[in-house]
Amino acid sequence: MPVDRANQIVALCFLMATFAWGIVFYGHSFYLESILATGRFTTSEMSGAIAFSFWCGIPAGVGVGRWLRSRTPFGVVVYGVLAIACGLLLLPAVERLSTLYLAFFLFGTGYPCLSTSGITGTLNQYIDKNYAGRLSWALTGASVGGILIVPAMVGMREALGFAQALMVVAACLSMLLLPAYAWLRQVRLKRSSSEPTQVDKRGLGRIVFATRFLLLTVGGACLLGAQVGLLAHQIPMLAAHMSLEAAAVGVSITAGSAIPGRFLVGWLAERVPIALLSAGAGIVQALGMFWLATGDSVITLYCASALCGFVVGAIVMLPPLLVREQFGAAHYSELYGYSNVGLYLGAGFGPVASGILFDAFGNYTSALYTLAVTQVVGAALLLSTARAAGGTHETR
């Protein structure tokens, strides 16, 4: 593919990541705080809805993988945009638990289309060279979304109101369809030239139930679940020690610190076994969570948020690279779709655990300790996949 066409695909994936992470991934803590302020739901009920959204992403992620196996990504982008936009418009009118779950169902099924599943599947179709580097550039949009969109939503809510703020965000999201149509229709669907001999369905089934694949999936689920358990509650967690606006700045710091971390990981991914990188990311975020649990000053909490955020991107981008490294590019979209089943299960349990522990103890200290221990467990499981693979590392 010509360099300019490849850059257009990476740019589109960057925009997809900006909206997906800014509105959904980092946005959950904003919706949690905003809806809790109405007094209609408890923290546990809101956490259950957030978990439900991630669990709805399980079949959606598998569906995205199967779609991208033989079709262009445009249909995936269209559904992701429309589902998330409808969720945004519905959320301010929520008064019953069933309506709350409907809004988060839309978030949950739209999010995989614009996030890691959709992005990595799109890049895998069109990109032959420097896959890890281009994935790093694309996923930098996740940090941009966290830096810009969450504080913007907080500011617009104060100036315009909750409903009007989400209407503006939904309108901006819909504009993503323009570059998606303009750029995707100019490129021809092309399988990676590095793709090995096709695997039959029975061979694919053997991979999915192999010990190494299961360890990879469960370990990644522990890391992602603990991370989401932190990020989904970050605004109310920080707001216990500072103003709402200052807490939103904390989210921006978390997202911003992920930018250098993501590029460092993208560089190391060509040189270091990805299982080792993944385990290291889990340990670093565990240390940040312990720091958050013990800190009480604004500066300390900002520094701890930055430490957690430094590996946010790594925990998101390394699982697909690990699947690609250890199992190759053949049937990548399907294999990562199946791995996403475990990842999204873990992502759902994280917010639920944080919400239940908050309601039980009245603070987030016990939740942060629990999430940190979960990170350490996940790191150990991912290290075991490196041993299972014989410690080999293929340069991508």
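Just so it is clear, the structure is predicted and the values come from calculations on it, not from any experiment. (Residues numbered from 1 in each chain as written. Predicted model: local features only at pLDDT ≥ 70, side-chain atom pairs only at ≥ 80, totals over all residues. Heavy atoms only, no water.)

Undergrad: How would you sum up the overall build of the protein? Please name residues and give values.
TA: Counting its regular elements, the protein contains 18 helices and zero strands. Per-residue burial for the protein yields a buried fraction of 58% across its 396 residues. Sequence separation of 24 or more characterises 84% of the internal contacts of the protein that already satisfy a separation of 6 or more. Only carbon and sulfur atoms are counted for the fraction: they give 68% of the accessible area of the protein, which is about 14600 Å². (Helix = DSSP H or I, 4+ residues; strand = E, 2+ residues; numbered from the N terminus. Buried < 20%, exposed > 50% of the residue type's maximum accessible area, 1.4 Å probe, protein only. Contact = heavy atoms within 4.5 Å. Areas by Shrake-Rupley, 256 points an atom, 1.4 Å probe, with all protein chains shown as cover.)

Undergrad: Could you give an account of the pattern of salt bridges, naming the residues involved and the relevant values?
TA: Counted under the stated rule, the structure contains two salt bridges. Here Arg 157 makes a salt bridge to Glu 33, at a shortest N to O gap of 2.8 Å. Pair noted here: Arg 157 is in helix 7 (residues 131-160) and Glu 33 is in helix 2 (residues 27-36), with a separation of 124 residues, a long-range link. Owing to a relative accessible area of 16%, Arg 157 belongs among the buried residues under this scheme. On the basis of relative accessible area, Glu 33 is assigned to the buried category, the value being 19%. (Salt bridge = Lys/Arg side-chain N within 4 Å of Asp/Glu carboxyl O.)

Undergrad: Explain helix 7 residue by residue, including any values.
TA: An α-helical turn contains 3.6 residues, so a residue and the one three or four places further along point in the same direction. Over its 30 residues, helix 7 runs 42 Å from end to end, which matches the ideal 44 Å to within 8%, given 1.5 Å per residue. The largest bend along helix 7 reaches roughly 30 degrees and is located at Gly 145. (Expected span 1.5 Å × (residues − 1). Bend = angle between axes of the 7 residues up to and from the residue.)

Undergrad: So what's going on with a nonpolar patch on the surface? Which residues, and what values?
TA: Taken together, the side chains of Phe 290, Tyr 369, Val 373 and Val 377 define a hydrophobic patch exposed on the protein surface, amounting to about 320 Å² of accessible area. Per element, the largest residue contribution to the nonpolar patch is three residues, and it comes from helix 18 (residues 365-388). With respect to the secondary-structure elements, Tyr 369 resides in helix 18. Judged by relative accessible area, which is 33%, Tyr 369 ranks as partly exposed. (Patch = residues over 30% accessible without salt bridge, like charges linked within 9 Å, V, L, I, M, F, W, Y side chains within 5 Å.)

Undergrad: Run through the nonpolar core, naming residues and quoting values.
TA: If you look at the biggest cluster of nonpolar residues, it comprises 121 residues, and the most contacted ones within it are Trp 21, Ile 23, Phe 25, Tyr 31, Leu 91, Ile 119 and Leu 123. Here this core gets 13 residues from one element, more than from any other, and that element is helix 1 (residues 3-25). When residues no more than four places from it in sequence are discounted, the contact partners of Phe 25 are Ala 20, Phe 54, Tyr 111, Leu 224, Gln 227, Val 228, Leu 231 and Val 312. (Core = buried A, V, L, I, M, F, W, Y, C linked by side-chain atoms within 4.5 Å.)

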